[in-house]
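Analysis of the macromolecular model
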Amino acid sequence: EERHSMLGYHPVDYVKVTQVKNVCEDIENNNNNNHNKSNSFYDKHDVSYYSSNSKGVFAQCLVTGAVLLLAAGGGMPIGYSAVLLPQLAEENGTMHADRELGSWIASVHSLATPIGSLMSGPLLDGIGRRGSLRFSAIPLSVGWVIIGFSQNIPCLLIGRAISGFAVGLMAVPAQVLLGEMADPGLRGFLTGNKLAFYCLGIVIVYALGASFTWNTVAFCGTILPVAALIALILIPESPAWLVKQKKPDKAKKALLWLRGGNIEQVNAEMAILEARVKADLARTATNMSWTEQISSAISTIFDPSVFKPLTIINIFNTLQLISGTYVIVFYGVNLVEDIGGDSMNSYLAAVITAIIRFLFSSVASVLLLKMGRRNLGIFSALGTASSSLILAGYMLLKKGSSVDIYVVGILLLLYVAANTVGLMTLPGLMVAELLPQRARGIGGGCNFFLFNLLLFIVTKVFPMVSEKVGVAGIFTIFGTSAFLEAVFIYVALPETRNRTLQEIEDYFQVFVLYSVCQIK
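The structure displayed is predicted, hence computed values, not measured ones.

Digging into the overall build of the protein chain
When you go through the protein chain residue by residue, the secondary structure sums to 21 helices and zero strands. Restricting the contact set of the protein chain to residue pairs at least 6 apart, pairs at least 24 apart contribute 85%. A total accessible area of about 20,400 Å² is found for the protein chain, and carbon and sulfur atoms account for 66% of it.

What follows is the structure, given as structure tokens:
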């Protein structure tokens, strides 16, 4: 693997752990920055990572399945505006919305999502990862019901806002739960599948929108969150959260199920989890007042081991959004109409782009088993940049030929495929992997708050920018941002494939941005 000197400290061998005391000392030393910084994060010759048996893998897949039901339900409100707006634009419809009002209907979802993201942090630590996901299914269902019964635009906006709030609530707990319960070797695959089912939700809502009216589609949107709520009742809570809540017996029981009854493996993991919690508690004062808790939360965010990965994730997300990842989801039908005109079936094309997005997010989940995060991200960013800039150039030079529709269609699908396979897949995985255990709640909440605030701004201003610069200008912006994303990934994103969450957390104790560029 490339850039072997990037993450430097001594890893813990989970299989060959025979003395719990040594494991605890390893973690405490890492948290105190006492490890030799010259040790390579990538020296794998002395490391043998644990791997769950078939029962353990099946148990982890069951937990993932419950989360994926909710993820698909969370994807449906994202794509719903692409179905809703064209129907509201019809003059003979029961309700009418012009382009400006339509931009509010599309973007209000993202305006409410940051509020849910901020609340997800305290909920994540207060009622657990599973509890937070179960709670988020309720407002998601309520939002769909309000939309379905809406007789005016304000009711539509309220329903969209409630659905957006619910999507904000579920984003962090879903990534954290999957990241904490999965084996290191399976973590990329299982967490990557969340995006695949998120995209499947978009496919479902596009397909329903091509056949039914917008209010019928809204009522169909309640099915997945209700099914997810039932499934989430049947799975255990995150062992890491249970240990933090001083419930070791429940944590051990959950781990035994997740690891297929391998008691040796469970004992080793429990020792490490307890040592990690002990080290984290040593940093935090107890019996704090409300103001002291706020001050402590701010201090946690600006702690270098939290602030560094959070900065990487937020810069990545900003460039990803400007590259058009979610613009084409919110405005899929309208954007296809602008590109292809009357010669292209906009609904069919939007459904095809959603299917491509789903297929390539599934492909990304498989690639993450064999491919590093950095390589996949750079490949995706360069592919997005190339297809965007070629599409922009072709839109400027085309002369009304009969082949235009095919060339433009192929370039658009290549753009969606390249963008999905890495740029859309990696942010959620980065939250699950890069943030330390003690800050996954508040750090993940702040990250998704900023992400959805930027998403609101991008979706709100997109119609105005599109009118000013046209389709060619839009894809030029997309391509330029994607190229900058590739440069940023090369410079700043560490490779975390096959590394435990504890190892990644310890790395950021000593990481500085410029050190990533130093290759042995």
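After presenting the structure, the write-up continues.
Some details on the packing of aromatic side chains
Considering all chains together, one arrives at eight aromatic pairs under this definition. On the numbers, 5.6 Å between centres and 75° between planes, the contact of tyrosine 326 with phenylalanine 451 is edge-to-face. One end of the pair, tyrosine 326, is in the loop between α13 (304-322) and α14 (327-330); the other, phenylalanine 451, is in helix α20 (residues 440-492), with 125 residues separating them in the sequence. Like tyrosine 326, the residue phenylalanine 451 is buried in the burial classification. With 5.2 Å between their ring centres and 75° between their planes, phenylalanine 475 and phenylalanine 478 make a pair best called edge-to-face. Of this pair, phenylalanine 475 and phenylalanine 478 both sit in helix α20, separated by three residues, roughly a single helical turn. The two residues phenylalanine 475 and phenylalanine 478 agree in class, both being buried. The rings of Tyr415, Phe475 and Phe478 are connected pair by pair, giving a single aromatic cluster.

Details of a nonpolar patch on the surface
Taken together, Leu453, Leu454, Ile457, Val461 and Met464 make up a surface patch of nonpolar side chains, about 380 Å² in accessible area. With respect to the secondary-structure elements, valine 461 resides in helix α20. The exposure class assigned to valine 461 is partly exposed, which follows from its relative accessible area of 33%.

Topic: the packing of helix α3 (residues 99-126) against helix α5 (residues 153-181)
A pair of packed helices is captured by two measures, namely the crossing angle of their axes and the spacing between those axes. Following both chains from N to C, one finds α3 and α5 inclined at 40°, their axes separated by 6 Å at the closest point. The orientation of α3 with respect to α5, classified from their angle, is oblique. The hand of the α3/α5 crossing is right-handed. The residue makeup of the contact of α3 with α5, split by class, is 19 nonpolar, eight polar and one charged.

Here's the deal with the packing of α3 against helix α4 (residues 128-148)
Where α3 contacts α4, the axes come no closer than 6 Å and their chain directions differ by 130°. One element, α3, and the other, α4, form an angle in the oblique class. Judged by the twist between their axes, the crossing of α3 over α4 is right-handed. Of the residues in α4, those in contact with Leu123, Leu124, Asp125 and Gly126 of α3 are Gly128, Arg129, Ser132 and Phe135.

Some words on the nonpolar core
When a protein is soluble and globular, its nonpolar side chains tend to lie buried together. Core analysis: the biggest nonpolar cluster contains 77 residues, and Tyr80, Leu88, Tyr206 and Phe475 have the highest contact counts within it. With 13 residues, helix α2 (residues 54-88) is the largest single contributor of residues to this core. Both domains that furnish three or more residues to this core are identified here as domain 1 (53-235) and domain 3 (300-519).

Examining the environment of tryptophan 104
Topologically, tryptophan 104 is positioned in helix α3. On the basis of relative accessible area, tryptophan 104 is assigned to the partly exposed category, the value being 37%. Spatially, the C-alpha atom of tryptophan 104 lies 6.7 Å from that of lysine 460, the residues being 356 residues apart in sequence. Contacts of tryptophan 104, omitting those with residues within four sequence positions, involve Leu157, Phe456 and Lys460.

Quick notes on the pattern of salt bridges
A complete count under the given rule lists six salt bridges for this structure. A salt bridge links arginine 259 to glutamate 269, with the nearest nitrogen and oxygen atoms 2.6 Å apart. In this pair, arginine 259 sits in the loop between α10 (248-258) and α11 (263-283) while glutamate 269 sits in helix α11, placing the two residues 10 residues apart along the sequence. Of the residues examined, glutamate 269 reaches a relative accessible area of 9% and is grouped as buried. It is possible to trace a salt-bridge network through shared partners that takes in Asp125, Arg129, Glu180 and Lys244.

Describing unusual backbone geometry
Here the phi dihedral of lysine 246 falls at roughly 60°; this positive angle occurs in a residue that is not glycine. By the secondary structure assignment, lysine 246 is in the loop between α9 (239-244) and α10. With relative accessibility at 68%, the residue lysine 246 sits in the exposed group.

Focus on α10
Restricting attention to buried positions, one finds in α10 the residues Ala251, Ala254, Leu255 and Leu258. For α10, the angular spread of buried residues about the axis comes to 100°, placing them on one side. For α10, the exposed residues lying more than 90 degrees away from the buried face are Asp249 and Lys253. Positive phi appears at glycine 260, one or two residues downstream of α10, with a value of about 65°.

Calculation rules
Residues numbered from 1 in each chain as written. Predicted model: local features only at pLDDT ≥ 70, side-chain atom pairs only at ≥ 80, totals over all residues. Heavy atoms only, no water. Helix = DSSP H or I, 4+ residues; strand = E, 2+ residues; numbered from the N terminus. Contact = heavy atoms within 4.5 Å. Areas by Shrake-Rupley, 256 points an atom, 1.4 Å probe, with all protein chains shown as cover. Phe/Tyr/Trp six-rings, centres within 6.5 Å; stacked < 30°, edge-to-face > 60°. Buried < 20%, exposed > 50% of the residue type's maximum accessible area, 1.4 Å probe, protein only. Patch = residues over 30% accessible without salt bridge, like charges linked within 9 Å, V, L, I, M, F, W, Y side chains within 5 Å. Salt bridge = Lys/Arg side-chain N within 4 Å of Asp/Glu carboxyl O. Axes fitted to C-alpha atoms, helices over the stretch in contact; angles between N-to-C directions. Parallel < 35°, antiparallel > 145°, perpendicular 65-115°, else oblique. Left-handed = near helix turned anticlockwise from the far one by under 90°. Nonpolar A, V, L, I, M, F, W, Y, C, P; charged D, E, K, R; others polar. Core = buried A, V, L, I, M, F, W, Y, C linked by side-chain atoms within 4.5 Å. Domains from an automatic or database assignment. Arc of directions from axis to C-beta.

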